[in-house]
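Take a look at the letters that make up each chain.
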Amino acid sequence: MTFRKTLFWLHLISGCVAGAIVLVMSVTGVLLTYERQMIDWFDRGQLAPSKPGGQAMPLETLLAAQPSAPTTVTLRAEAGAPVLLAYGREGLVYVDPHTGAALGKGHTGARKFFQSMTSWHRWLGQDGPGRQTARAITGACNLAFLFLVVSGLYLWMPRRWTGASVRAITWFNGKATGKARDFNWHNVIGFWSLAPLFFVVASGVVMSYPWANALVYKMTGSEAPVVGGGPPREGRPSKPSYAGIDRALAAAKRLDPSWRILTVRLTGPLAVTLDRAERGRPDLRTTVTIDRATAEVVKVERFSDQNAGRRLRTWLRWIHTGEAGGVLGQTVAGVVSLGAVFLVYTGIALSLRRFVAWRRRRDREPKQADRAAAVS
């Protein structure tokens, strides 16, 4: 067999084996495209503060007024924006920044939907002991998908480079039907989706396998972080003290006055993360560790302070969802995920057509042999 024919059969077999799982990951990827924006939109009607123009109360006072101690607090720079209190796995609550009164938990239906889609995307909807097996399956199929993308580039190349042959695999033919239509769609969608789909899938492989994650650090000559290293974080205290938090926040804000989102970690050492953008831009994030007793800055970690491997690994996480490129990046990631749905459909359809044609040829061979014997 020639190299091209061998690669074709490996491409076809990989697609048939991994197709169903790739289809699930692609469909859920489409549904998760605008997750953050959709949740914000659903939450908006429930989160109006009581006094939009009022003075926000000190964070120490607001936290002390809560019935239980949160693990993290998120503030937004917009005047009157609600304060988000997170309670670990127990959920979250929005509170009025002027009174400390609870505004609600946001749109729980939207959150449950996206949590379900994330579960299917990563673990095929499994929970408990089955999650580890499902993760291994999605990881293997994601790796197979990467092979399909790379091998598809080679198989896509026409044997003869002419205007007609290139046009046939780079533009839709509205008159084609049946096998010709499926072949045309498979090639055209694969061609236009190839580059962004490669980054989406490759970043997924990095998140699926420790060896791929380690490879990112090795390629950049950086030291990989020690998993589970460092001192354990303190649990949530039963009677926490919030003294000094406002002074600590003021010190952190002075380091980056242009922040838009500020997150305070209350468990363990007081850490404040300041974001100058929404999710997806790690280069615009600064994390400050502060001694709440003295309001002195203990440590400042900016994106530029990290080694090359960690920076690349962080970017890959947001490249996978497209959020590294903002709304436009999310849209591209969503479109190529939708393209992957059609790639699976047309690939399976072409495989089935090939199988049916092979069965028909095999069934005809004995009859032809019998007729030849009768003639002789």
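The structure displayed is predicted, hence computed values, not measured ones.

Some remarks on the overall build of the chain
- Helices and strands together make up the secondary structure of the chain, namely 11 helices and 8 strands.
- Over its C-alpha atoms the chain spans a radius of gyration of 27 Å, topping by over 25% the 21 Å that the globule rule assigns to 376 residues.
- Its C-alpha atoms give the chain principal-axis dimensions of about 105 × 45 × 45 Å.
- In the chain, which comprises 376 residues, the proportion classed as buried is 39%.
- Sequence-distant contacts in the chain: of pairs separated by 6 or more residues, those separated by 24 or more amount to 59%.
- Of the roughly 21,700 Å² of accessible surface on the chain, a fraction of 62% belongs to carbon and sulfur atoms.
- Charge centroids of the chain, computed over 48 positive and 24 negative side chains, lie 12 Å from each other.

Re the environment of Thr314
- Examined against the element boundaries, Thr314 turns out to sit in helix 10 (residues 308–321).
- Ignoring sequence-local partners within four residues, the contact set of Thr314 consists of Pro282, Phe303 and Gln306.

Remarks on a nonpolar patch on the surface
- Taken together, Phe3, Leu153, Tyr154, Met157 and Trp161 make up a surface patch of nonpolar side chains, about 520 Å² in accessible area.
- The residue Phe3 is located in helix 1 (residues 3–31) in this model.

Things to note about the pattern of salt bridges
- Applying the stated criterion across every chain yields a total of 14 salt bridges.
- Taking the shortest distance from any N to any O, the salt bridge between Arg111 and Asp43 comes out at 2.8 Å. Remark: Asp43 occurs in helix 2 (residues 35–43) and Arg111 occurs in helix 4 (residues 108–123); sequence separation between them is 68 residues.
- Residue Arg111 is classed as buried on the basis of its relative accessible area of 14%.
- With a closest N to O distance of 2.9 Å, Asp182 and Arg353 form a salt bridge. Remark: Arg353 occurs in helix 11 (residues 326–375) and Asp182 occurs in helix 7 (residues 178–208); sequence separation between them is 171 residues.
- By relative accessible area, which is 0% here, Asp182 ends up buried.
- Arg353 gets classed as partly exposed once you look at its relative accessible area, which sits at 35%.

With respect to a positive patch on the surface
- Positive charge collects at one region of the surface, where Lys5, Lys179, Arg354, Arg360, Arg361 and Arg364 lie side by side.
- The element that contributes the greatest number of residues to the positive patch is helix 11, accounting for 4 residues.
- Looking at the element boundaries, Arg354 is found in helix 11.
- Owing to a relative accessible area of 40%, Arg354 belongs among the partly exposed residues under this scheme.

The rules behind these values
- Residues numbered from 1 in each chain as written.
- Predicted model: local features only at pLDDT ≥ 70, side-chain atom pairs only at ≥ 80, totals over all residues.
- Heavy atoms only, no water.
- Helix = DSSP H or I, 4+ residues; strand = E, 2+ residues; numbered from the N terminus.
- Rg over C-alpha atoms; globule rule 2.2 N^0.38 Å.
- Buried < 20%, exposed > 50% of the residue type's maximum accessible area, 1.4 Å probe, protein only.
- Contact = heavy atoms within 4.5 Å.
- Areas by Shrake-Rupley, 256 points an atom, 1.4 Å probe, with all protein chains shown as cover.
- Lys, Arg positive; Asp, Glu negative; His and termini not counted.
- Charge placed at Lys NZ, Arg CZ, Asp CG, Glu CD.
- Patch = residues over 30% accessible without salt bridge, like charges linked within 9 Å, V, L, I, M, F, W, Y side chains within 5 Å.
- Salt bridge = Lys/Arg side-chain N within 4 Å of Asp/Glu carboxyl O.

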